[in-house]
Amino acid sequence: MRIILAQPRGFCAGVVRAIEIVDRALERHGAPVYVRHEIVHNRHVVDNLRSKGARFVEELDEVPHGAVAIFSAHGVARSVEKDAKTRGLDVLDATCPLVTKVHVQGRQYVSQGRTLILIGHAGHPEVEGTIGQIPGVVVLVQSEAEVEKMTLAPDMPVAYVTQTTLSVDDTRGIIDALQRRFSDIVGPDTRDICYATQNRQAAVRELSDRVEVLLVVGATNSSNSNRLREIGAESGVPSYLVADGSEIRPEWFANVQTVGITAGASAPEEMVKHVIDALRTFGHVEVTTMNGREEKVEFKLPAKLIQPVAAVAATAVREE
Ligand code: 10G
Ligand code: SF4
């Protein structure tokens, strides 16, 4: 069997930063530190951090007064930020800077007197966070069909922003529908779909032309991983979302010689290796990586965490 790995795949800069924030918080403050929601949507990442002393909660009322609380990479509403303050929590914000950028953009449009339209999936934590970061009403649209049903006046000044992990193609269709529907509409020059989402989707589209089966390593609650599987399926390739090698089924590979593998932005490379090892149990495999875009994006850590622990300790000793 030939395996072709997508390039790029797996962790994006926002996920690397979010995981590092939890690791450094544990190093600096000791266990436990509390993380609101899964830091990123991946059980292996969460289990690994839990084993080091992170405690995952869905709401801040589960966090003791004064404890260290980390917001997940997907972002949070203003009400959550205020709640953390009231509870005296020591907050570290792991919201991806590209999500924060959408929050800022949305607030700017609203301050210009426009009604904000958010293109995204209802109930997703990033969408809940973005809606909760904007003062006033935000209208959520999920599809072109929903645009047709909107009740806002066609000449109302509106603006749109998007969730960062959407399908590039679906979003283009929704934006076109909005532009047909509203006469006074503005939006970001480039869509808010982030660089990592765009690159992974472009790579998997290309990979789908070369393989008979596509495996996407990622969690079922990971939006960007689901979009990768959909692209494979839309290209006519049987495509499966798997958390790790244990979910591989032999019947998917009957008479199959070429398998493509990609990984969502929250899926660790170890899980890609685990999937390859599972495929090895069916016979000899040859692994290559497609030529693809190399990513060099890195995001700075919050200032509170940049100084190494040793330097903090030395400063404390000098001050005594
Ligand atoms: O794709 P979603 O938004 O579900 O998140 P994820 O945790 O699977 O991947 C990382 C992407 C984000 C943190 C959303 S910006
Ligand atoms: Fe940031 Fe994009 Fe990664 Fe989300 S998917 S964490 S927006 S880089």
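Computed from a prediction, not measured in an experiment: that's the story for all the values here.

Brief notes about the site of ligand 1
Every one of the 15 residues lining ligand 1 counts as a neighbour, but H41, S222, S223, N224 and S266 are closest to it. Within the contact set of ligand 1, an oxygen atom lies 2.7 Å away from a side-chain nitrogen or oxygen of N224. Take S266: an N or O atom from its side chain is 2.7 Å from an oxygen atom of ligand 1. Taken by itself ligand 1 offers 390 Å² of open surface, and the protein chains cover 96% of this. When its residues are assigned to classes, the shell around ligand 1 shows 4 nonpolar, 10 polar and 1 charged.

A look at the site of ligand 2
By nearness alone, every residue bordering ligand 2 is listed as C12, G14, C96, L98, T164, C194 and Y195. Looking at the shell around ligand 2 residue by residue, the class counts come to 5 nonpolar, 2 polar and no charged.

Some thoughts on the UniProt feature "binding site: [4Fe-4S] cluster" (unreviewed entry) in the chain
Here the UniProt feature "binding site: [4Fe-4S] cluster" (unreviewed entry) sits at C12, C96 and C194. Despite a sequence span of 183 residues, these residues sit close together in the fold, their greatest C-alpha distance being 10.4 Å. Mapped onto the secondary structure, C96 falls in the loop between strand 5 (90–93) and helix 4 (97–111). Judged by relative accessible area, C96 falls into the buried class, the value being 11%. Dropping the residues within four chain positions of it, C96 is found in contact with G14, A73 and F299. Classification of C194 by relative accessible area gives buried; the value is 12%. Each residue touching C194, except ones within four places of it in the same chain, is listed here: L98 and T164.

Digging into the packing of aromatic side chains
Here a ring pair, both rings aromatic, is described through the centre-centre distance and the interplanar angle of the planes. Scanning the model with the defined rule gives 3 aromatic pairs in all. A centroid spacing of 3.8 Å and a plane angle of 5 degrees characterise the contact between Y240 and W252, whose relative ring orientation is stacked. Taken together, the positions of Y240 in strand 11 (residues 239–242) and W252 in the loop between strand 11 and strand 12 (258–263) put the pair 12 residues apart, joining distant regions of the chain. Across from the ring centre of F182, 4.9 Å away, lies the NZ or CZ of R181, which sits over that ring.

Structural notes on the pairing of strand 7 (residues 138–141)
Alignment of strand 6 (residues 115–119) against strand 7, held across 4 bridges, turns out to be parallel. Bridging from a neighbouring strand, L116 pairs with V138 of strand 7. Taken together, strand 6, helix 5 (residues 125–133) and strand 7 form a β-α-β motif whose crossover is right-handed.

Some words on the sheet that holds strand 4 (residues 68–71)
What the 4 strands build is an open sheet, ordered 3-2-4-5; its pairing is parallel. Since the sheet does not close on itself, it has two edges, and those belong to strand 3 (54–57) and strand 5, each with one partner. With direction set aside, neighbouring strand axes in the sheet form an average angle of 30 degrees. As judged from the 4 bridges shared by strand 2 (residues 33–36) and strand 3, these two strands associate in the parallel manner. Residue pairing across strands places V33 opposite A54, the latter belonging to strand 3.

Observations concerning the domain arrangement of the chain
Partitioning the chain into structural domains gives domain 1 (2–10 + 195–289), domain 2 (13–96) and domain 3 (98–192). Each of domain 2 and domain 3 was reduced to a C-alpha centroid, and the two centroids are 28 Å apart. Contact with domain 2, which involves 11 residues of that partner, is made by 12 residues of domain 3. When the buried area of domain 2 at its contact with domain 3 is split by residue, H74, R78 and C96 rank highest and sum to 55% of it. The interface formed by domain 2 and domain 3 holds 7 residue pairs in polar contact (both at pLDDT 80 or more) in total. Here the residues of the side of domain 2 that touches domain 3 are counted per class, giving 4 nonpolar, 5 polar and 2 charged.

Conventions and cut-offs
Residues numbered from 1 in each chain as written. Chains lettered and ligands numbered in written order. Predicted model: local features only at pLDDT ≥ 70, side-chain atom pairs only at ≥ 80, totals over all residues. Heavy atoms only, no water. Near = heavy atom within 4 Å. Polar contact = N/O pair within 3.5 Å; in protein donor to acceptor, adjacent residues only side chain to side chain. Areas by Shrake-Rupley, 256 points an atom, 1.4 Å probe, with all protein chains shown as cover. Nonpolar A, V, L, I, M, F, W, Y, C, P; charged D, E, K, R; others polar. UniProt positions renumbered as here; feature names shortened; annotations may be inferred. Helix = DSSP H or I, 4+ residues; strand = E, 2+ residues; numbered from the N terminus. Buried < 20%, exposed > 50% of the residue type's maximum accessible area, 1.4 Å probe, protein only. Contact = heavy atoms within 4.5 Å. Phe/Tyr/Trp six-rings, centres within 6.5 Å; stacked < 30°, edge-to-face > 60°. Lys NZ or Arg CZ within 6 Å of the ring centre and 35° of its normal. Pairing = 2+ DSSP bridges. Right-handed = clockwise from strand over helix to strand, strands pointing away. Axes fitted to C-alpha atoms, helices over the stretch in contact; angles between N-to-C directions. Domains from an automatic or database assignment. Buried area = accessible area lost by both parts, 1.4 Å probe.

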